Amino acid sequence: MKDYIFIDQDIETLREEIHTKKIKVYKRLVDQCKRYEAVQLNAEHPNGSTTFMGMAIANLALAYVLTQNKRYLTEVKRWMDQVVDYPHWGNAHLVDVDLSAAWILFGLGIGYDWLKDDLSENQRLLIKEKLILQGNRMYDFKINTEGTGWSTNYFQNHNWINMTGLATAGYALKDTYEMSQAWIESSKSNFETVFSMLPEDGSDYEGVVYWRYGVMWLFIYAHLIKERENINYFEQSNFLKETFYYRLYQSAPNLEEIINFGDCHDRRSGHSTAIYYKVAAEYKNGYAQKLGNLVRDEFLYREAYESKIKPGILPECFFEVLFYDPQIQEKDFSDLPTKKFFPDLGLYIYRSSWSADALHFSFKCGAPGGKRQWENLWRLKESKNYNCFGLSHQHPDNNSFILVSNETYYAIDDGYNRTVKASDHNTITVDGLGYQDEGQNNIWKNYTKDMISEIETCQIDDQLTYIVGEASKQYDSKLNLSVAKRHIVHMEMPYIVMIDELDSKDEHIYTWTMHSDFYPEVSSEASSEVAQHYLYQGDYGKMSLFQFTSHLTEHKLADNTIRAIMTTQEPDKFTENKMKALKISNIAKTQKMIFLSILAPTNDDVVAKRIKCEGAIVIEVSTKKDKLIYVWSELKAFEFKGEKCPTRLTIFEKAQHQYIKRFSLGEVL
């Protein structure tokens with residue numbers, strides 16, 4: 001029986017299952033192949049990405065192998081002939097040695113291996129020679145640039161995609177071209193390093209969109225090397241096992257849209273049926289099976305046609321047919337916890353439920369690229385003099401947050417940005433400034449080893465979430481910041497308490513910023529007792545923002561439009577995100593500043609007021625069911641309601657007409 005690279009199951013059984021157990025994923029393949037027949041191919045290389053051409057060849061080749069329908073063979077030959085005819089693969093930037101070339105190497109390698117017996121001798125020779133030419137171009141570039149660029153950017157999608165394309169072409173030529181073994185061995189060595197350094201918690205600093213675009217290829221390579229050489233990264237890599245949960249918890253409550261930390265071109269380019277079905281099959285993961293089916297049956301075409309990332313989700317039908325295991329039973333997401341913390345990235349997520357109108361709050365604070373990446377980048381620099389700080393998709397977003405509730409984005413991120421700045425995130429700026437070297441694509445290349453942010457405190461249980469992020473070391477050094485902490489407190493109430501603590505050797509104007517899809521109404525003016533109240537009116541609900549501060553403040557509303565070219569291959573193609581910013585600043589310069597904010601995304605009434613107390617900010621927050629007092633201590637020790645408060649933050653609960661101390665949080669002063 002013919003040995004098909006990448007197909008890890010009996011081909012005759014698969015041919016039967018596409019008409020029974022796999023009928024839905026097979027229909028996806030048929031529909032996609034029909035689209036290819038309508039595509040007019042350019043005689044000259046397009047002025048843009050050709051990644052779609054690699055997947056077209058793979059999909060058409062699979063359709064022919066499964067059905068022996070000559071129509072598919074005729075069509076796949078048309079695509080193969082065209083890419084072979086192009087003298088180069090790629091446009092404008094890193095031609096022949098980057099993503100366009102890699103996707104075609106994958107697809108053409110698959111097509112050559114599967115279909116060579118159905119090709120004329122001349123076609124076989126031309127395809128083989130083209131694979132050799134392009135494979136050597138990619139391999140030579142990889143070898144000649146080791147230590148810089150994608151060749152050793154082990155945490156970046158370019159490395160994963162390019163090396164998988166090279167490996168696939170290598171296996172396709174293994175028996176007929178001696179040099180192809182060097183491609184295979186180079187890819188094996190590369191991925192040994194990659195899988196040894198990926199974060200154990202499955203998080204991805206590049207963000208959800210690049211997760212679906214790049215992490216998919218970690219699964220593709222792991223499948224390929226397991227099928228070819230029985231090397232099982234699915235057993236060895238905790239990242240592969242856990243990364244589905246990173247993606248799931250970075251879904252908006254409706255599961256269709258995303259939480260867009262990192263570089264995310266839009267709110268829909270986040271799903272990958274390829275990954276979901278592979279996770280389900282390898283780990284018997286019913287949650288992944290459920291999300292894969294949900295995307296395939298309900299979200300697929302909105303994602304396909306509203307997404308800005310190509311080739312997009314539709315061509316993943318190739319992987320759906322091969323990865324989908326119909327024996328895996330779906331599991332309901334309501335079985336999962338509503339709180340999740342990813343320690344490597346410093347990412348915390350809270351969902352009030354798994355319903356579409358739930359509250360979703362995400363908070364992020366950590367080392368550039370995540371703790372494990374940052375440590376390994378420095379190890380590679382110190383041991384091999386490798387400069388692998390390819391962190392162009394990392395944003396200066398420490399202590400930033402995103403909040404979605406009642407199907408409304410109340411606090412949003414900048415998404416895709418090529419000139420990243422802290423001011424484009426929901427965080428604090430100082431005299432209008434943010435991080436060291438910001439305002440460019442990759443601001444981290446000149447950072448020192450200790451210039452990191454981190455989660456200092458993380459207490460998560462059924463009753464309480466208390467998280468403290470510290471980011472002062474990443475701010476511009478001339479600001480002389482010693483403290484830039486954001487405290488997140490959540491007590492299973494319909495609101496979140498956020499305390500920002502700033503301190504410097506110098507006096508500054510500190511600005512608290514929150515971006516949204518729309519502006520708030522200013523419902524009341526701040527006084528000694530009453531908070532400044534901002535009301536965000538959504539289509540299906542509302543959110544109140546109450547803020548108390550240690551010094552007098554003023555606010556302004558400002559438009560903030562982020563526009564960024566997506567790829568140098570297509571300079572006229574860009575993303576644009578129009579954000580509405582609320583900026584709150586102290587009026588007079590000061591060394592220390594406290595912002596105490598209550599974020600209440602609920603249609604129920606929430607009331608917040610200040611209680612006078614020397615040396616502390618004391619806030620009473622009332623709902624229909626509960627009344628709590630939050631005390632922020634400025635003194636080493638003092639009493640409130642007869643209770644000693646030896647810590648920065650103490651929470652009191654009203655019980656039987658008196659306040660009882662419930663929690664003491666934070667370090668002792």
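Computed from a predicted structure; not experimentally measured.

Peer 1: Which residues make up the nonpolar core, and what values go with them?
Peer 2: Soluble globular proteins: nonpolar side chains tend toward being buried together. Membership of the largest hydrophobic core comes to 197 residues, with the highest contact counts inside it found for Phe6, Leu108, Trp114, Leu218, Leu240 and Phe318. Broken down by element, this core gets its largest block of residues, 15 residues, from helix H9 (residues 208-229). Every residue in contact with phenylalanine 6, bar those within four places of it in the chain, is listed here: Phe106, Ile110, Ile220, His223, Leu224, Glu227, Phe318, Phe319, Leu322 and Phe323.

Peer 1: A description of the pairing of strand E3 (residues 360-364) should follow, citing residues and the corresponding values.
Peer 2: Of all five residues in E3, five are buried; the element is thus mostly enclosed. Covered by surrounding structure in E3 are His360, Ser362 and Lys364 together with Phe361 and Phe363, the residues of both alternating faces. The pairing of strand E2 (residues 347-351) with E3 spans five bridges and is antiparallel. Looking across to E3, one finds that tyrosine 348 is bridged to phenylalanine 363. Where E3 and strand E4 (residues 400-405) come together, five bridges link them in antiparallel fashion. In the strand pairing of E4, phenylalanine 361 is matched with leucine 403.

Peer 1: Any chance you could break down helix H13 (residues 286-306) for me, citing the residues and the numbers?
Peer 2: Taking 1.5 Å as the rise per residue, H13 with 21 residues should run 30 Å; its terminal C-alpha atoms sit 28 Å apart, in good agreement. Of all the bends in H13, the greatest, near 75 degrees, is centred on phenylalanine 299. A distance of 2.9 Å separates the backbone nitrogen of tyrosine 287 from a side-chain oxygen at the start of H13, and that oxygen is part of asparagine 285.

Peer 1: Can you explain the sheet that holds strand E5 (residues 408-411)? Please cite residues and give values.
Peer 2: In space, the five strands of this open sheet follow the order E1-E2-E3-E4-E5, with antiparallel pairing throughout. Both outer strands of the open sheet, strand E1 (339-342) and E5, are each paired with one neighbouring strand and no more. Adjacent strand axes in the sheet meet at a mean angle of 15 degrees when their direction is disregarded. Here helix H11 (residues 238-249) sits on the sheet in contact with E1, E2 and E3, set at roughly 120 degrees to E1.

Peer 1: Just give me the short version of the packing of helix H5 (residues 99-115) against H9, but keep the residues and values in it.
Peer 2: Viewed as axis vectors pointing N to C, H5 and H9 meet at an angle of 35 degrees, and their least axial separation amounts to 14 Å. As for how H5 packs across H9, the hand of that crossing is left-handed. When H5 is examined against H9, the residues Leu99, Trp103 and Phe106 are found in contact with a partner set consisting of Tyr213, Met216, Trp217 and Ile220. Partitioned by chemical class, the residues of the contact of H5 with H9 number seven nonpolar, no polar and no charged.

Peer 1: Tell me about the side chain of aspartate 476, residues and numbers included.
Peer 2: Here aspartate 476 is to be found in the loop between strand E8 (465-470) and strand E9 (481-490). For aspartate 476, a relative accessible area of 13% translates into the label buried. Among the polar contacts made by the side chain of aspartate 476, one reaches the side chain of lysine 478 at a distance of 2.9 Å. Leaving out residues up to four positions away in the same chain, aspartate 476 has contacts with Gly434, Tyr435 and Gln436.

Quick notes on the rules
Residues numbered from 1 in each chain as written. Predicted model: local features only at pLDDT ≥ 70, side-chain atom pairs only at ≥ 80, totals over all residues. Heavy atoms only, no water. Core = buried A, V, L, I, M, F, W, Y, C linked by side-chain atoms within 4.5 Å. Buried < 20%, exposed > 50% of the residue type's maximum accessible area, 1.4 Å probe, protein only. Helix = DSSP H or I, 4+ residues; strand = E, 2+ residues; numbered from the N terminus. Contact = heavy atoms within 4.5 Å. Pairing = 2+ DSSP bridges. Expected span 1.5 Å × (residues − 1). Bend = angle between axes of the 7 residues up to and from the residue. Polar contact = N/O pair within 3.5 Å; in protein donor to acceptor, adjacent residues only side chain to side chain. Axes fitted to C-alpha atoms, helices over the stretch in contact; angles between N-to-C directions. Left-handed = near helix turned anticlockwise from the far one by under 90°. Nonpolar A, V, L, I, M, F, W, Y, C, P; charged D, E, K, R; others polar.

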